[in-house]
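The chain contents come next:
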Amino acid sequence: MSVKVKSMNFASLLICAVAALFSLGMIFFFGGGDWLVAASSAVMTGFVTYVVSRYIIWRFVLYRIKPIYQLMLERDLSVGELAGHFKGNDIISNAGLDIAEWAGKKAAEIDRLKDMENYRKEFLGNVSHELKTPLFTLQGYVITLLDNGAGDPETNVRYLEKANKNIERLIAIVHDLEEISKLEMKVMNLEREQFDIVALAEETAESFNIQENENKIAIKVAGELPIYVFADRRRIEQVFVNLMSNSIKYGRKGGSTTVKFIDMFDKVMVEITDNGIGISKENLPRVFERFFRADTIRSQENGGTGLGLAIVKHIVEAHGENIVVRSELGKGTTFGFTLKKYL
């Protein structure tokens, strides 16, 4: 038969009980059967045995778990410092809890590092792919022009224009990557100020409406009264530009985009809704990932970098706010983000 020791107190009491029973038997047997003397001696023996055994077990356990705690704390540790950590509490039970907590944190850290490694590999692959396409196209036009061109001045000019378009796309990718890096490293200071978010939305929408777009999409701002917020005006304009631009790129011909504002007491929710192609449920959780495109073909035709929504998310979160998206394939998409009001 075996006894499982779950705590230091239990172990000490077990030793104490054995010693007391042994003392009781010995004194009763050799002491002439005097129960009072035997019982008194047993109690004294048990008490002394309990105190001594508890101290010995305490020191023994401290020395045995000291290397474990040095590993967990990643530094040298004295027995006295370790004893102070427990402050008279049961070592076995508390050490078990500490080790379980440490193991859980390490497991979570390992999972996080694995995710980061996978993300790094995917990111490098995406960057390589995004840069390769315009570079190879640009190389083709340049080689043609170096080989005395196409023989037609107009064709040569067209080749140069296409080459320049690919150069502009490369510059846009590099610029957006730099922008995201600054936002992620939090080295970009926000220049917060008071401004009318409705007026800013109207100005941005007007800049798109006066331009010709292939899908003939008009952007409407549903808001008349001014709503003042406290944020970085230039950065929020960048958010509007990216979201409105996406609504045009992925909209249906003759479609519409609407910007509306929802009062949320000390905050305002800005929603940009289109009736375009929408996003599938499978792709919806990934829309803010770098280089992710739900519609790859249309995105490449429109010259997007695949970084716009990632930048938008970082800008909104840099303000301490949230951005959400809801969409239904074939019916449209709504992006919504919050900003703190200027009260």
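Residues numbered from 1 in each chain as written. Predicted model: local features only at pLDDT ≥ 70, side-chain atom pairs only at ≥ 80, totals over all residues. Heavy atoms only, no water.

Student: I tried to follow the side chain of S327 on my own but got confused; where do I start?
Tutor: Within the fold, S327 resides in strand β6 (residues 323-328). A polar side-chain atom of S327 sits 2.9 Å from the main-chain carbonyl oxygen of G332. A polar contact of 2.8 Å, which involves the side chain of S327, links it to the side chain of T333. Apart from the residues within four sequence positions on either side, S327 is in contact with G278, I279, L284, G332 and T333. (Helix = DSSP H or I, 4+ residues; strand = E, 2+ residues; numbered from the N terminus. Polar contact = N/O pair within 3.5 Å; in protein donor to acceptor, adjacent residues only side chain to side chain. Contact = heavy atoms within 4.5 Å.)

Student: Got a minute to help me understand the sheet that holds β6 in this structure?
Tutor: Hydrogen bonds between backbone groups are what pair the strands of a sheet, and the pairing can be parallel or antiparallel. With respect to topology, five strands assemble into an open sheet ordered β2-β4-β5-β7-β6, the strand pairing being mixed. The sheet is open, and its two edges are formed by β2 (218-222) and β6, each paired on a single side. Looking at each pair of strands side by side, their axes are set apart by 15 degrees on average, direction ignored. Where β6 and strand β7 (residues 332-340) come together, six bridges link them in antiparallel fashion. Paired with E328 across the bridge in β7 is G332. Packed onto the sheet, helix α6 (residues 197-209) meets β2, β4 (256-264), β5 (267-274) and β7 and runs at close to 165 degrees relative to β2. (Pairing = 2+ DSSP bridges. Axes fitted to C-alpha atoms, helices over the stretch in contact; angles between N-to-C directions.)

Student: Could you clarify how one ought to interpret a nonpolar patch on the surface in this entry?
Tutor: A cluster of nonpolar side chains, namely Y228, F230 and Y342, defines an oily patch on the protein surface of about 300 Å² accessible area. Along the chain, Y228 falls in strand β3 (residues 228-232). The class for Y228 is partly exposed, based on a relative accessible area of 39%. (Patch = residues over 30% accessible without salt bridge, like charges linked within 9 Å, V, L, I, M, F, W, Y side chains within 5 Å. Areas by Shrake-Rupley, 256 points an atom, 1.4 Å probe, with all protein chains shown as cover. Salt bridge = Lys/Arg side-chain N within 4 Å of Asp/Glu carboxyl O. Buried < 20%, exposed > 50% of the residue type's maximum accessible area, 1.4 Å probe, protein only.)

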